[in-house]
Amino acid sequence: MVNRTLKGFSIITLSCLILTFYMGSVTQGQSKAFIKEIMERRLDGAKKIMAGLAINNWPQVEEGTEILLESTRPLGWKGAYRQKLEARDGSLRSAVKTLESFVEIRNGDGARLIYIQVIMSCMDCHNLRRE
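Values in this document were obtained by computation on a predicted structure and should not be read as measured data. (Residues numbered from 1 in each chain as written. Predicted model: local features only at pLDDT ≥ 70, side-chain atom pairs only at ≥ 80, totals over all residues. Heavy atoms only, no water.)

*Asks:* Got a sec to walk through the overall build of the chain? Specific residues and values, please.
*Replies:* Scanning the chain from terminus to terminus reveals 5 helices and 0 strands. Each helix and strand of the chain, ordered N terminal to C terminal, gives the series α-α-α-α-α. Counting the 131 residues in the chain, one finds 38% classified as buried. Expressed as a percentage of contacts within the chain between residues at least 6 apart in sequence, the contacts between residues at least 24 apart total 70%. For the chain, the accessible surface area stands at approximately 7,500 Å², while carbon and sulfur atoms represent 54% of it. (Helix = DSSP H or I, 4+ residues; strand = E, 2+ residues; numbered from the N terminus. Buried < 20%, exposed > 50% of the residue type's maximum accessible area, 1.4 Å probe, protein only. Contact = heavy atoms within 4.5 Å. Areas by Shrake-Rupley, 256 points an atom, 1.4 Å probe, with all protein chains shown as cover.)

Right, dumping it as structure tokens:
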């Protein structure tokens, strides 16, 4: 069961990494270096959370959650998709805050469920490229 869960989380995380490289056309007006830095930071946080949840390493989950919270502060998006990006960042930040509340009380099942919502928020934003 744990191996299956880890495999699913790994696939989701890898998908996020791949989609990060396609965000350039959506985020017109932002430098590619800026976008890359933000997305790498978010991916780092997501990886730490996933790894920590898989083995109930709460300090690691807390660290990943802090990284995601920090990286989802308002960024001042520019370009044609500004409003959509800000809304999706808000949705991601809300999901991460909910995750944080589950992490604080060490609720593994709740944290894992909300982690999936966090990843779905990431995917929703990356899907802007298709709109």
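Having seen the model, we can carry on.
*Asks:* So, the nonpolar core: which residues are in play, and what are the values?
*Replies:* One finds Ile-49, Leu-53, Leu-99, Tyr-115 and Val-118 to be the most contacted residues of the largest nonpolar core, which totals 19 residues. Sequence-distant contacts of Ile-49, that is, excluding residues within four places in its chain, are made with Val-61, Gly-64, Thr-65, Leu-68, Leu-99 and Tyr-115. Listed in part, the 7 residues of the second largest apolar core include Ile-35, Ile-38, Met-39 and Trp-77. (Core = buried A, V, L, I, M, F, W, Y, C linked by side-chain atoms within 4.5 Å.)

*Asks:* Kindly report on the packing of helix H4 (residues 82-104) against helix H5 (residues 108-126), identifying the contributing residues and their values.
*Replies:* Where H4 contacts H5, the two axes come as close as 9 Å, and the packing angle between them is 170 degrees. Accordingly, the angle class assigned to the pair H4 and H5 is roughly antiparallel. Along the contact surface, H4 presents Leu-85, Arg-88, Ser-91, Leu-92, Ala-95, Val-96, Thr-98, Leu-99, Phe-102 and Val-103, while H5 presents Gly-110, Ala-111, Ile-114, Tyr-115, Gln-117, Val-118, Ser-121, Cys-122, Asp-124 and Cys-125. In terms of residue class, the contact of H4 with H5 is made up of 13 nonpolar, 5 polar and 2 charged. (Axes fitted to C-alpha atoms, helices over the stretch in contact; angles between N-to-C directions. Parallel < 35°, antiparallel > 145°, perpendicular 65-115°, else oblique. Nonpolar A, V, L, I, M, F, W, Y, C, P; charged D, E, K, R; others polar.)

*Asks:* Can you explain H5? Please cite residues and give values.
*Replies:* For H5, spanning 19 residues, the distance from its first C-alpha to its last is 27 Å, which sits close to the expected 27 Å at 1.5 Å a residue. Residues of H5 that are buried include every one of Gly-108, Gly-110, Ala-111, Ile-114, Tyr-115, Val-118, Ile-119, Ser-121, Cys-122, Cys-125 and His-126, and no others. Regarding H5, its N-cap is Asn-107, as a side-chain oxygen of that residue lies 3.3 Å from the backbone nitrogen of Asp-109 further along. (Expected span 1.5 Å × (residues − 1). Polar contact = N/O pair within 3.5 Å; in protein donor to acceptor, adjacent residues only side chain to side chain.)

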